[in-house]
Amino acid sequence: MKRKNIKQIVGIFLAVLFTVGCSDILEEEPRSIYTPDYFKTEEGVYSGLTSLYAHLRYIYGNGYYLNACLTGTDEYTYGHGADGNFKNMDLSGVGTLTASSSRSDVLWNNTFYNINTASGIIENASAVGITEDLIAEAQFFRAFDYFLLVQTFGGVPLDLGAGDLAFNTSTVRTSIRNTVPEVYTLAVFPDLISTVNNLPSNGRVTGGVTKTLARLYLSKAYLTYGWWLENPNNIATYPEANRTDPDGHDAQWYYQQAYDVAMEAINDPGPFGLEDTYYDVNVGSNDRNKEMLLYADHTEGSEYYDGSSHSYNSGSSPGNFAVWMVTWDYTFLQSAEDTSWSSVVRSVQREAAQAYGRPWKCMAPPIGVFTNTFADKTNDSRYDGTFVTSFRGNWNKGGLTNSVLYNANGLAVEPGDAILTFLDEEPSDAIDYSNSSYDSNVGAGVLPGRSDFVISPHGISRYAWPNLWKIGTYRTDNGDGLGQPNGGITRPFPIAKFSELYFIAAEAAVKGASGSMSARELVNVIRARAGVWRWDNNGNIEKIEDDSSEMMAATPSVIDIDYILAERSREYYGEGYRWYDLVRTQKWSEYAASYQICGPGLGDHTPETFTRTIENYMYLRPIPQGQLDAMEMSETDISAYQNPGYE
């Protein structure tokens, strides 16, 4: 993959302006070069703002960035189709994480040009009478990018060539990294405080940034910086800096600020709020709902405005292709045309539908996800609203005329019936995986009396696992057929949700903050919603059931950070939160040092234990090698630019 770097980007600032939503912001035209004079025009400001939204699609929805956020945590390991992009990130001995192999380069390579564009707007927009709320949009995105960078790499440069936080137009091939406290106190906090004060409650455009979103990120930044100051496991930072706040505050002060700002957003939500059910948060027909505070938008209406082919995307941004990485190759599932099994057909075919899509089989969930994280599959709707565990026949959409096929135990199945089920629990009867009578060419087994092949939680392997439903493909133009499952996904990719405000406030309360709601009360708001059902996703049937009382009663009387992390995984599983959560709380090595999964071979159902080597220096990702190679500095300075441990 061709890498960009700071010096090239901030000097020339190529800004590919793909559009971001269904509103008048889309009228802006692409522009190749930005100058201060251009930002002193109304057209320039609006064009620049468009690019700030558009850059989200080069990060969120990019499958390699999702890999960097999840592989190597307790949520994902590598699947049997993985290459070095995924094995290196897993840290389990099958690859090595280096400055050249780390896929956090996706973030580094797509933020600095955006930061510079934001600075250009902030510096120059007032010259043409642009209002404070529009300038605040640029401030939000500058803070947003710096917050991502400082969490991932440690201290990063505030001076891109023209001074700290100044718009740069000259090619610069040197760089100096600021410290973590400098990035937070000079960039992240001031910009976010300004956006809270100046952004409106309602977005200027569909999906536009708002006061509630700014409060979410300000509270999250306060929380994260509080952890950084506390540093409970004595993990080193870089560039080296004392864990003291330039403004004289301690970690507890920041925890309280995180709580207070999150509660302000909860109590003054504007047009946002929680959806009634977890299913409604994630079902494709309800995209851009009131819980979504920020997303990398896409459109089904136009390839041009989407920036991606809707018939075939090769796996590149700005297309949304993240979920392909966590999808196993269910398309090998087959059933028989007659009871003798003399002729078989593919009974579950690749379809542009939320449960299916394109299988790249690169990232597989460990067994612990199903036995520990999602242990309650009865009351808690989030398991059913996260995974595809029932793969149903759709051969009729692929042009096959058979009205009936024969499946496990030689039993008949029709279109829409389950062909393979990943069981919720270990069955009382032993699963027959031998396939001596009924051939499952994906290595699944049979249970007496069932027409679907089955795999139990302890049989989940690097070859076959439940798909990630929540961010799966969704299109409305399939007609009666399979649609275009190889095209870029036309759904928005979720970045920030209103629900996280409850988790931020709860985590801050666990860390000592106080206020009108306790950590348990805050978590129980989310857990109560998780107990409300309106649809059984994998049963494909209406389910009107309220298990909120059971969910709240099961919450421990005293909430600790481990329970917060468990709840965050249940709520945001597979969306890209996990590495940041475990690094913030310094729990990564504790949670992900080992995991169980079955082998990569067809029919492997014997769990194996794998260990990871997660050293303290790995809590910062390496500066990409492409950045180092392009800088014209002494070898000593270039070496010092890299995070320790990656030389």
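For the structure, check the block above.
A brief report on the enclosed structure follows.

About the criteria used
Residues numbered from 1 in each chain as written. Predicted model: local features only at pLDDT ≥ 70, side-chain atom pairs only at ≥ 80, totals over all residues. Heavy atoms only, no water. Helix = DSSP H or I, 4+ residues; strand = E, 2+ residues; numbered from the N terminus. Expected span 1.5 Å × (residues − 1). Buried < 20%, exposed > 50% of the residue type's maximum accessible area, 1.4 Å probe, protein only. Polar contact = N/O pair within 3.5 Å; in protein donor to acceptor, adjacent residues only side chain to side chain. Core = buried A, V, L, I, M, F, W, Y, C linked by side-chain atoms within 4.5 Å. Contact = heavy atoms within 4.5 Å. 1 Å grid on protein atoms, 1.4 Å probe; cavity = no way out; pocket = protein on both sides within 12 Å on 5 of 7 lines; lining within 4 Å. Points joined across faces, edges and corners; volume = space filled by probe spheres on them. Nonpolar A, V, L, I, M, F, W, Y, C, P; charged D, E, K, R; others polar. Salt bridge = Lys/Arg side-chain N within 4 Å of Asp/Glu carboxyl O. Phe/Tyr/Trp six-rings, centres within 6.5 Å; stacked < 30°, edge-to-face > 60°.

The end-to-end C-alpha separation of helix H18 (residues 561-572) is 16 Å, in line with the 16 Å expected for 12 residues at 1.5 Å each. Counting buried residues along H18, 10 of its 12 residues qualify, which places the element largely inside the surrounding structure. Along H18, the residues classified as buried are Ile561, Tyr563, Ile564, Leu565, Glu567, Arg568, Ser569, Arg570, Glu571 and Tyr572. Measuring from the side-chain oxygen of the N-cap residue of H18 to the backbone nitrogen of aspartate 562 gives 3.3 Å; that N-cap residue is aspartate 560. Once H18 finishes, glycine 574 follows within two positions and takes phi at roughly 80 degrees, a positive value.

Time to look at the nonpolar core. Within the largest apolar cluster, 183 residues are counted, with the highest numbers of intra-cluster contacts made by Tyr60, Tyr146, Tyr217, Trp328 and Trp588. Examining the composition of this core, we find that 14 residues originate from one element, helix H8 (residues 132-153), more than from any other. Setting aside residues up to four positions removed in sequence, tyrosine 217 forms contacts with Phe140, Phe144, Phe147, Leu192, Ile495 and Ala496.

Take the layout of surface pockets next. When its volume is computed, the largest pocket comes out at roughly 560 Å³. Lining the largest pocket we find 27 residues, and of these Ala353, Ala355, Tyr356, Arg392 and Asn540 sit closest to its centre. A class-by-class count of the residues in the lining of the largest pocket yields 11 nonpolar, 12 polar and 4 charged.

Bringing the pattern of salt bridges into the picture now. In the structure shown here, the tally under the stated rule is 32 salt bridges. In this structure, lysine 220 engages glutamate 500 in a salt bridge whose closest nitrogen and oxygen atoms are separated by 2.8 Å. Of the two residues, lysine 220 is situated in helix H10 (residues 211-230) and glutamate 500 in helix H15 (residues 500-510); the sequence distance between them amounts to 280 residues. For lysine 220, a relative accessible area of 12% corresponds to the buried category. Glutamate 500 serves as the salt-bridge partner of arginine 568, at 2.7 Å between the closest nitrogen and oxygen. Here arginine 568, found in helix H18, pairs with glutamate 500, found in helix H15; they are 68 residues apart in sequence, far enough to count as distant. Glutamate 500 matches arginine 568 in its accessibility class, with the two residues each being buried. Look at the salt bridges and you will find they share partners, linking Glu291, Asp380, Arg382, Arg527, Arg529, Glu567, Arg570 and Glu571 into a network.

Turning our attention to the packing of aromatic side chains. The tally for this structure, following the rule as stated, stands at 57 aromatic pairs. Ring plane angle 35 degrees and centroid distance 4.8 Å describe the contact between tyrosine 184 and tyrosine 225, whose orientation is recorded as tilted. Highlighted residues: tyrosine 184 in helix H9 (residues 180-198) and tyrosine 225 in helix H10, separated in sequence by 41 residues. Relative to tryptophan 588, the ring of tryptophan 579 lies with its centre 5.9 Å away and its plane at 85 degrees, an arrangement referred to as edge-to-face.

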